[in-house]
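Chain by chain, the residues:
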Amino acid sequence: MKQAFFLLLFLCLPLLPLQAENNPYRSDVLWVTVPDHADWLYRTGEKATVEVQLLKYGMPQDGVTVHYEMGGDMMPADAQGSVQLKHGKAVINVGTMKQPGFRDCRMWATVDGKTYRHHIKVGFSPEEIRPYTTKPADFEEFWEKNKAELAKVPLKYTKVRAEQYCTDRIDCYLVKLQVSARGQSVYGYLFYPKQAAQGACPVVLCPPGAGIKTIKDPLRHKYYAEEGCIRFEIEIHGLNPEMSAETFREISDAFNGRENGYLMNGLDNRDHYYMKRVYLACIRSIDLLTSLPEWDGKNVIVQGGSQGGALALVTAGLDKRVTACVANHPALSDMAGYKAGRAGGYPHFFRTEGMDTPDKLRTMAYYDVVNFARRIQVPVRMTWGYNDDVCPPTTSYAVYNVLSCPKEALITPVNEHWTSDDTERSHWEWIKKQLK
């Protein structure tokens, strides 16, 4: 019996690191930062403190000096100092804010000759944040005109079975979809439930995060199709996702640098801006999904994160066929917020010299998520974290606070620019409750 037990233990040992990790970053040093308000939120004028611990190999470090600086969300430091850990702990006074927003405490400490960094953001009356960005007078006219032009373009696409992503429960096809009269296209993976019946399936559009890259791990959301949905995961540049990673890197290096990134391409002119075709490609993707005989004729959902979260909200604001929307930490949100002396949305145009011009600011307003969010009438679920320096919390609140539709927020303060598998699964559970 003992021999059998030890044999079983020996066989299980290789699996233990995958199942028993309690420090996902595999770092010897762990920061623990705890604000004195459990939800990390304060009223304007209220003072905040953060208790700091630094552990190495799980043991509290004593006598270590923690240096810090503080400033507004994505803003330069306006205060600095240091504290010494006593019995493994110290308290930092974060201060307060007079205006709604977030304050970021950025810390660093040296342990055994190596410097470790961490940060934590706390909010002050963030429900009162309002966007700096205003809606142009002819915003509606501009987008209705472009949608009408798109409607004149016949729906054309090719569809080839993608065996590598088919399972015993789902079928997958690689689609090339024409999105303009010039013949420009996007690619996407279209997932069906196995043997989907005519008129039986809700449809879900999933636009991508930022970058020039392949469609990441297409099967990560396979449970949508396994549970009865048709899901369309797209890219936005007209690049076949089955190209090699090396080819994508070469294209990105050539055409997506700081000085010539696609999110800056044509920003001087609203009619020539790169993202116009991308926004309309999302509309054309809805055209495709609602043309499928397996669509249930009722439910059209958009869901994505970062740039994909922005595109989900944009599509929900532009297309009346959308019935529900899920967005993680949306990019392209209140992009001109820096003009108000606070964080603006990704891609943080104002970090690049020469971007703060009247023409560019004018174009931004036609493409800013907050102006599409004002139009949304269907249920929206958003999620974001406070420690995010890519799509900062200030900008997620700027979007959420202008939504006048039924809305729900899953706020995960500790998150930086990521969501957990559990959060992603909870989106699907929320979507199922919205189905008609």
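Scope of this entry: the structure provided in the associated data block. (Residues numbered from 1 in each chain as written. Predicted model: local features only at pLDDT ≥ 70, side-chain atom pairs only at ≥ 80, totals over all residues. Heavy atoms only, no water.)

A few words on the packing of helix α3 (residues 139-151) against helix α6 (residues 274-291). Between two packed helices, the angle of one axis relative to the other and the distance separating the axes together describe the packing. Viewed as axis vectors pointing N to C, α3 and α6 meet at an angle of 60°, and their least axial separation amounts to 11 Å. Considering the angle they form, α3 stands oblique to α6. Crossing of α3 against α6: the hand is right-handed. Facing α3, whose interface residues are Phe142, Trp143, Asn146, Lys147, Leu150 and Ala151, α6 presents Lys276, Tyr279, Leu280, Ile283 and Arg284. Residue classes in the contact of α3 with α6 are distributed as 7 nonpolar, 1 polar and 3 charged. (Axes fitted to C-alpha atoms, helices over the stretch in contact; angles between N-to-C directions. Helix = DSSP H or I, 4+ residues; strand = E, 2+ residues; numbered from the N terminus. Parallel < 35°, antiparallel > 145°, perpendicular 65-115°, else oblique. Left-handed = near helix turned anticlockwise from the far one by under 90°. Contact = heavy atoms within 4.5 Å. Nonpolar A, V, L, I, M, F, W, Y, C, P; charged D, E, K, R; others polar.)

The next point concerns the nonpolar core. In this structure, Met107, Trp143, Phe232, Met275, Tyr279 and Leu332 are the most contacted members of the largest nonpolar core, which totals 106 residues. For this core, the leading source of residues is α6, giving 11 residues. (Core = buried A, V, L, I, M, F, W, Y, C linked by side-chain atoms within 4.5 Å. Buried < 20%, exposed > 50% of the residue type's maximum accessible area, 1.4 Å probe, protein only.)

The buried count for strand β13 (residues 201-206) comes to 6 of 6 residues, which makes it a mostly enclosed element. Along β13, one buried face is formed by Cys201, Val203 and Leu205 and the opposite face, lined by Pro202, Val204 and Cys206, is buried too. Bridge count between β13 and strand β15 (residues 295-305): 4 bridges; the pairing is parallel. By the bridge assignment, Val204 is partnered in β15 with Ile301. (Pairing = 2+ DSSP bridges.)

Glancing now at the side chain of His119. For His119, the position within the fold is in strand β9 (residues 114-124). What makes His119 buried here is its relative accessible area of 10%. Within polar-contact distance, the side chain of His119 engages the side chain of Asp104 at 3.0 Å. Within the local environment of His119, its side chain forms a polar contact with the backbone oxygen of Asn387, the two atoms lying 3.1 Å apart. Contacts of His119, omitting those with residues within four sequence positions, involve Asp104, Cys105, Arg106, Met107, Asn387, Asp389 and Glu416. (Polar contact = N/O pair within 3.5 Å; in protein donor to acceptor, adjacent residues only side chain to side chain.)

Two numbers describe how α6 lies on helix α7 (residues 307-318): the axes approach to 10 Å, and their chain directions differ by 65°. The orientation of α6 relative to α7 falls into the category roughly perpendicular. Judged by the twist between their axes, the crossing of α6 over α7 is right-handed. Seen from α6, the contacting residues are Met275, Val278, Tyr279, Cys282, Ile283 and Ile286; seen from α7, they are Gln307, Leu311, Val314, Thr315 and Leu318. Across the contact of α6 with α7, the residue classes tally to 9 nonpolar, 2 polar and no charged.

Before going further, it helps to examine unusual backbone geometry. With an omega of 20°, the peptide bond between Tyr346 and Pro347 qualifies as cis. In this model, Leu332 sits at a positive phi of 55°, which is unusual for a non-glycine residue. Summarising the element assignment, Leu332 is placed in the loop between β16 (324-328) and α8 (358-367). When its relative accessible area of 3% is taken as the criterion, Leu332 is described as buried. Not every positive phi belongs to a glycine, and His348 is a case in point at roughly 55°. Tracing the chain through its elements places His348 in the loop between β16 and α8. Accessibility expressed as a relative area gives 3% for His348, which makes it buried.

Bringing the sheet that holds β15 into the picture now. An order of β10-β11-β12-β14-β13-β15-β16-β17-β18 is seen for the 9 strands of this open sheet, with the pairing classed as mixed. Looking along the sheet, the strands with just one partner apiece sit at the ends: β10 (157-161) and β18 (407-411). Direction aside, neighbouring strands of the sheet carry axes that sit 20° apart on average. Of the strands in this sheet, β15, β16 and β17 (380-384) are in contact with α7, which crosses β15 at around 140°. Contacts from helix α11 (residues 421-434) reach β15, β16, β17 and β18, with the element oriented near 165° to β16.

Another point: the pattern of salt bridges. All chains considered together, the criterion is met by 33 salt bridges. Here Asp171 and Lys194 are joined by a salt bridge, their closest N and O atoms 2.8 Å apart. Of this pair, Asp171 sits in strand β11 (residues 170-178) while Lys194 sits in the loop between β12 (185-193) and β13, and the two are 23 residues apart along the sequence. What makes Asp171 buried here is its relative accessible area of 12%. Given the relative accessible area of 35%, Lys194 is considered partly exposed. With a shortest N-O distance of 3.2 Å, Arg342 and Asp334 are connected by a salt bridge. Accessibility assignment for this pair places Arg342 and Asp334 in one class, buried. What you see here is one network of salt bridges that share partners, running through Lys135, Glu140, Glu144, Lys147 and Arg375. (Salt bridge = Lys/Arg side-chain N within 4 Å of Asp/Glu carboxyl O.)

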